[in-house]
Amino acid sequence: MHRVDDEQRRVRLGRRHLLAPSARAASAVTVADALVALHATDAATVFLSVCARLTEPGAGAVERALYEDVSLVRLLSMRNTLFTVSTEVAPAVDASSARAVAAKERRKLLKHLKEDGQGLDEHWLADTETQTLAALTARGRATGSELSAAVPALRTKITVFPGTRQETVQGIASRVIRVLAADGRIRRDRPRGSWTSSQFRWTAAEPWPPSDPARARAELAGRWLRSYGPGTEGDLKWWTGWGARETRTALAAAGAEEVLLDSGAVGWVAPGDRGFHLPVDHRAALFDRAGNIGPTVWWNGTVVGGWAQRADGEPVWRLLSDVGREASQLIEAEAARLSAWVGDARITPRFRTPLERELTA
């Protein structure tokens, strides 16, 4: 069994990265493919993750991919979390993860309707969805409030968690829209504000054609290993949200090779893959307590530091590795480029790390 030092293990990516020019990819789509999926809970994350890897960064290139040619799509998928993927990867993500999440979201909504006691059931929900899709198709795109104005059923209020400490009255519109989006029948269109805004409009969409979930899980496991391996079975299980048996079967189907980590744990890599990029002594500064990586500086395929944006918009960074004078100058130039295209936007990561907090203090 091949031995791999823990300090060499690749990290889970998908956050925000500041890269020097030597590590950039060519387009928003190739960036997404290289990373498998871009975390999309924060609206700004997708733009930062892509633009860090573009020769000529700018929000416009990402917006075109998301909203014009739709070569990037958002899916509620792994771990019931919103990710952005390319249309090449989307079918595998949909079949392996998003379909199960959509079914769970629908069951949860139907449970809330039943517990509410107004007699709202699956027939009411289906009719409301039909009306919502008709209104959206007629308009082309609309916000949730605009859809509520057009579809009276969306203005219905229900009591969730009745009889418990969490009991509260909520509008049904956001829940219906979430289910429609999870099913792939609608998708997020341009937001009302800038690219950092989370107030999205919606437009009609076509669900991805059904495919074999087991085959899709094997494809996604292989892609994940090529981007982030070596990883343990537990790492992949956490990233995908699959069960232990599903994860184990997917690794076997992907042809994953077993390696022994210094900790004694068994890890897995894609066939022939032996490359790594995170020094172990950088972990404490760059990860939060839950294991989420924060804004990072890269040089020649290796994490060499972290960065942040101060309240006045100035990007600041700290190198944790000695990369030499030339590399430091290129990183400084890249920070200036980042500042130029971000402009007046202000970015506060949802997952704040010790170094990011220190740099903005």
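Refer to the structure printed above.
Model, not experiment: these values are computed from the prediction.

Participant: How should the sheet that holds strand 4 (residues 72–76) be read in this particular structure?
Facilitator: Paired through backbone hydrogen bonds, the strands of a sheet run either parallel or antiparallel to each other. The strand order 3-5-4 describes an open sheet built from three strands, whose pairing is antiparallel. Lying at the two open borders of the sheet, with one neighbouring strand each, are strand 3 (38–39) and strand 4. Relative to strand 5 (residues 82–86), strand 3 runs antiparallel, the two sharing two bridges. The residue of strand 5 that forms the bridge with His 39 is Phe 83.

Participant: Sorry if this is basic, but what is going on with helix 3 (residues 59–68) here?
Facilitator: Listed in full, the buried residues belonging to helix 3 are Ala 59, Val 62, Glu 63, Ala 65, Leu 66 and Tyr 67. All buried residues of helix 3 lie within an arc of 165 degrees about the axis, which places them on one face of the element. Val 70 occupies a position one or two residues after helix 3 and carries a positive phi of about 50 degrees.

Participant: Explanation requested: the nonpolar core in the structure shown.
Facilitator: The nonpolar side chains of a soluble globular protein tend to be buried with one another. Core analysis: the largest hydrophobic core is formed by 58 residues, its most contacted members being Val 85, Trp 195, Trp 239 and Trp 341. For this core, the element with the highest residue contribution is helix 2 (residues 43–51), accounting for seven residues. Leaving out residues up to four positions away in the same chain, Val 85 has contacts with Val 36, Ala 37, Ser 71, Leu 72, Val 73, Leu 75, Ala 90 and Val 93. Residues Leu 113, Trp 124, Ala 173 and Trp 202 belong to the second largest nonpolar core, which totals 23 residues.

Participant: Honestly, the pattern of salt bridges in this entry has me stumped. Any pointers?
Facilitator: Any two side chains of opposite charge can pair, given that their charged atoms come close. Inspection of the entire model under this criterion finds 22 salt bridges. Between Arg 190 and Glu 63 there is a salt bridge; the shortest N-O distance is 3.9 Å. Of this pair, Arg 190 sits in strand 8 (residues 186–191) while Glu 63 is found in helix 3, placing the two residues 127 residues apart along the sequence. For the salt bridge of Glu 129 with Arg 185, the shortest nitrogen-to-oxygen distance reads 2.8 Å. Here Glu 129, found in helix 5 (residues 122–139), pairs with Arg 185, found in the loop between helix 7 (173–182) and strand 8; they are 56 residues apart in sequence, far enough to count as distant. On the basis of relative accessibility, which here comes to 3%, the residue Glu 129 falls in the buried class. When salt bridges that share partners are traced, they join Asp 94, Arg 99, Arg 106, Glu 129, Asp 183 and Arg 185 into one network.

Rules and cut-offs
- Residues numbered from 1 in each chain as written.
- Predicted model: local features only at pLDDT ≥ 70, side-chain atom pairs only at ≥ 80, totals over all residues.
- Heavy atoms only, no water.
- Pairing = 2+ DSSP bridges.
- Helix = DSSP H or I, 4+ residues; strand = E, 2+ residues; numbered from the N terminus.
- Buried < 20%, exposed > 50% of the residue type's maximum accessible area, 1.4 Å probe, protein only.
- Arc of directions from axis to C-beta.
- Core = buried A, V, L, I, M, F, W, Y, C linked by side-chain atoms within 4.5 Å.
- Contact = heavy atoms within 4.5 Å.
- Salt bridge = Lys/Arg side-chain N within 4 Å of Asp/Glu carboxyl O.

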